[in-house]
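A structural walkthrough
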Amino acid sequence: MDIEGFRKAGYAAVDAICDYYTNLSKRTVKAEVQPGYLIEQLPREAPSTGEDFATVAADFQSLILPGITHWQHGKFMAYFPAISTFESMIADLYATSVSNPGFNWVCSPACTELEQVTMDWMAKILGLGKEFHLEQGSGGGVILNSASEAALTAAIAARETALRELTSSEPGSTVSGGTFDVPDDLRAKYSPKLVMYGSTQTHSLGEKAALILGLSFRAVPVAAADGYALRGDALRKAIEEDVKKGLIPFYVIATVGTTSTGAVDRIDEIGQVVSEYKTISLHIDSAWAGVALALEDQRAFLRLDDINRYATSFCTNMHKWGLVAFDCSLFFVRNRKALNLALDATPAFLRSKEADTGTVIDYRNWQLALGRRFRSIKIWFVMRSYGVKGFQDHLRVGIDQCQQLSKLITASSSFEIVTPPSLSLIVFRLGGAALPADTLPAERNLLNTLLNNRLNARYDVFLTQTMLHSADQEDVFCIRIALGGRTTTMQDVEEVWAVVEEEGEAVLKEWRD
Ligand code: PLP
């Protein structure tokens, strides 16, 4: 494709995207296709000679779009939103137009410096303490691809911090030029004993980080009575048990806004426990809820003061509720030197004069991979176009809709709210007056599973289910409605709720008959 070909195809693509959004509400949310639908329609070999690009682009409409689940649809209320905005689409286009893997400042100074500035913007917007700011503090932020990558990166930094702490007084340990190398024999001695902690509500990213690092992850139980939040006492008990066994706690993941119910762990109590152990780092996973720290009136609920006091690192995803298209995960650390010590591997071919003199940041030392995408341009475009106020207004719409939905659920005699609404997430189930008080927990779960199956069989709505495990109650199967999507209106919310009520009544009728 030459420049004029791109001009033509580019305009046509923008037109097609505008038409897609204009007509999005007329589509079903879920793809009405069966497994293998696309594979059956595609040739098994790539074309040997080039095709006309208009044909290729037309195939996106006829072959790909039918197999797309429309996450930008107003009635998409599954998982959490993964919002796209026109500003971030244009930003991605510009970023790709100058495609480069920006791992060192010298690779493209603008990529590094825009990230430095926009991450400090976000730290301020979210109210993170000065230690997490690059310009004024000891830490700073980096954009990663996902909250999972952030938790893994934080775990690596935590492991190295713990090993340094454990081995610094051992014979054979060396500190040279600011870099501390833990000798292999000492690493082998301590590594197998390292344990990380989260709760039974921690996202699977905790287990996955442990799996990747070959370490163990302990899921500490939570109580329904505590709103499924991790408490300090439960964590302390687990840590003390492990220490008695000769194990070494090194990393705790606390969640601010759990995936299942939006629970906020007791960072105040957890922080207190963690601060008693020199080897433990505290990572806050706030992948979904963290952007709501932009709202001052939500900061107490989200425990901002405790985060600022105790957290070693903090992560939230702009690519969920934060108006920036996937991927854009914000990872802030209190101590950038500790992160760099853990991840800096610099062969001669990656050195640069600027980095050697310490005047620039090379973001490759803040992440797992070498190459990295130019993601900060998305934040820059979105935040400048919306302004902080526009960003806050957007968040408030989802929270208000959730409050209104909560009233609809409360008013229904067939449903009950399982945990209080958390920001824009609400968890509910069939129950209340519709079920006799002696209905067994297993039967309640079965009825709700039947409801979930009926909802899943529909294409016009998309909700997801969860199972809540706790120490003080039987497992609870329930359904989530995650609001906050950019195109979701109150009418969408009411229509989805009408579908839930209709399917709920059908389940109850079958059960009674
Ligand atoms: N943490 C929490 C609390 C989440 O809710 C999610 C996804 O919903 C994740 C982590 C995973 O995020 P990512 O896909 O960015 O790894």
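Residues numbered from 1 in each chain as written. Predicted model: local features only at pLDDT ≥ 70, side-chain atom pairs only at ≥ 80, totals over all residues.

Comments concerning the environment of glutamate 45
Convention followed: Here a helix means four or more residues in a row that DSSP labels H or I, a strand means two or more in a row labelled E, and each is numbered from the N terminus. Put plainly, a residue is buried at 20 or more neighbouring C-beta atoms within 10 Å of its own, exposed at 12 or fewer, and partly exposed in between, counting only other residues' C-beta atoms, which are placed from the backbone.
One can find glutamate 45 in the loop between helix H1 (3-22) and helix H2 (53-64). On the basis of neighbour count, glutamate 45 is assigned to the exposed category, with 6 C-beta atoms found within 10 Å. In the structure, glutamate 45 is positioned 102 residues away from alanine 147 in sequence and 36 Å away in space, judged by C-alpha atoms.

Quick notes on the confidence of the model for the protein chain
Our working definition: On a scale of 0 to 100, pLDDT captures the predictor's confidence in every residue. Here contacts are defined at the residue level, using C-beta atoms placed from the backbone and a cut-off of 7 Å between them.
Per-residue pLDDT for the protein chain has a mean of 95; in total, 98% of the residues score no lower than 70. Taken as a whole, residues 175-179 scores under 50 in pLDDT and shows 2 contacts with residues more than four places along the chain or in a different chain. Overall fold confidence for the complex sits at a pTM of 0.96, while the interface term, ipTM, reaches 0.98.

Focus on the sheet that holds strand S8 (residues 313-317)
For clarity, the cut-off: At least two bridges found by DSSP between two strands is the condition for calling them paired. Throughout, an axis means a line fitted to C-alpha atoms (over the contacting stretch in the case of helices), and angles, computed between N-to-C directions, take values from 0 to 180 degrees.
Sheet architecture is open: 7 strands sit in the order S1-S9-S8-S7-S6-S4-S5, paired in mixed fashion. Looking at strand neighbours, the two that pair on one side only are strand S1 (140-144) and strand S5 (216-220), the edges of this open sheet. Pairs of neighbouring strands in the sheet enclose a mean axial angle of 20°, with direction left out of account. Strand direction decides the pairing type here: S8 and strand S9 (residues 329-333), joined by 5 bridges, are antiparallel. From the neighbouring strand, cysteine 315 faces S9, where its bridge partner is phenylalanine 331.

Comments concerning the UniProt feature "modified residue: N6-(pyridoxal phosphate)lysine" (unreviewed entry) in the protein chain
Stated formally: UniProt positions are given in the numbering used here, feature names are shortened, and annotations may be inferred rather than shown by experiment.
Under the local residue numbering, the UniProt record ascribes the feature "modified residue: N6-(pyridoxal phosphate)lysine" (unreviewed entry) to Lys320. Take lysine 320: it is sitting in the loop between S8 and S9. The buried category is assigned to lysine 320, around which 25 C-beta atoms lie within 10 Å. If near-sequence neighbours (up to four positions away) are discounted, lysine 320 is found in contact with Phe80, Pro81, Ala82, Ala287 and Trp288.

Some words on the domain arrangement of the protein chain
Stated formally: Domain start and stop positions are those given by an automatic or database domain assignment. Classes in brief: Ala, Val, Leu, Ile, Met, Phe, Trp, Tyr, Cys and Pro nonpolar; Asp, Glu, Lys and Arg charged; the others, Gly included, polar.
Here the protein chain is partitioned into domain 1 (1-67), domain 2 (144-346) and domain 3 (386-512). Of note, the centres of domain 1 and domain 3, computed from C-alpha atoms alone, are 34 Å apart. Here the side of domain 1 that touches domain 3 is composed, by residue class, of 2 nonpolar, 1 polar and 2 charged.

Some thoughts on the nonpolar core
Filter applied, for reference: A set of buried residues qualifies as a nonpolar core if it consists of Ala, Val, Leu, Ile, Met, Phe, Trp, Tyr and Cys joined through C-beta atoms within 7 Å.
Among the nonpolar cores identified, the biggest contains 133 residues, and Ala151, Leu235 and Val252 are the most heavily contacted of them. If you tally residues by element for this core, the top one is helix H5 (residues 147-167), at 11 residues. No fewer than three residues from each of domain 2 (144-346) and domain 3 (386-512) sit in this core.

Comments concerning the packing of helix H4 (residues 109-126) against helix H13 (residues 376-411)
Our working rule: Angle categories are assigned with fixed cut-offs, so that under 35 degrees is roughly parallel, over 145 is roughly antiparallel, 65 to 115 is roughly perpendicular, and the rest are oblique. For any helix crossing, the convention is left-handed if the near helix is rotated counterclockwise from the far helix by under a right angle, and right-handed if that rotation is clockwise.
Where H4 meets H13, the closest approach of the two axes is 9 Å, and the angle between their N-to-C directions is 45°. Accordingly, the angle class assigned to the pair H4 and H13 is oblique. The two elements H4 and H13 meet at a crossing, and its hand is left-handed. In contact with Leu114, Glu115, Thr118, Trp121, Met122 and Ile125 of H4, H13 contributes Ser376, Ile377, Ile379, Trp380, Met383 and Val388. Here the residues of the contact of H4 with H13 sort into 9 nonpolar, 2 polar and 1 charged.

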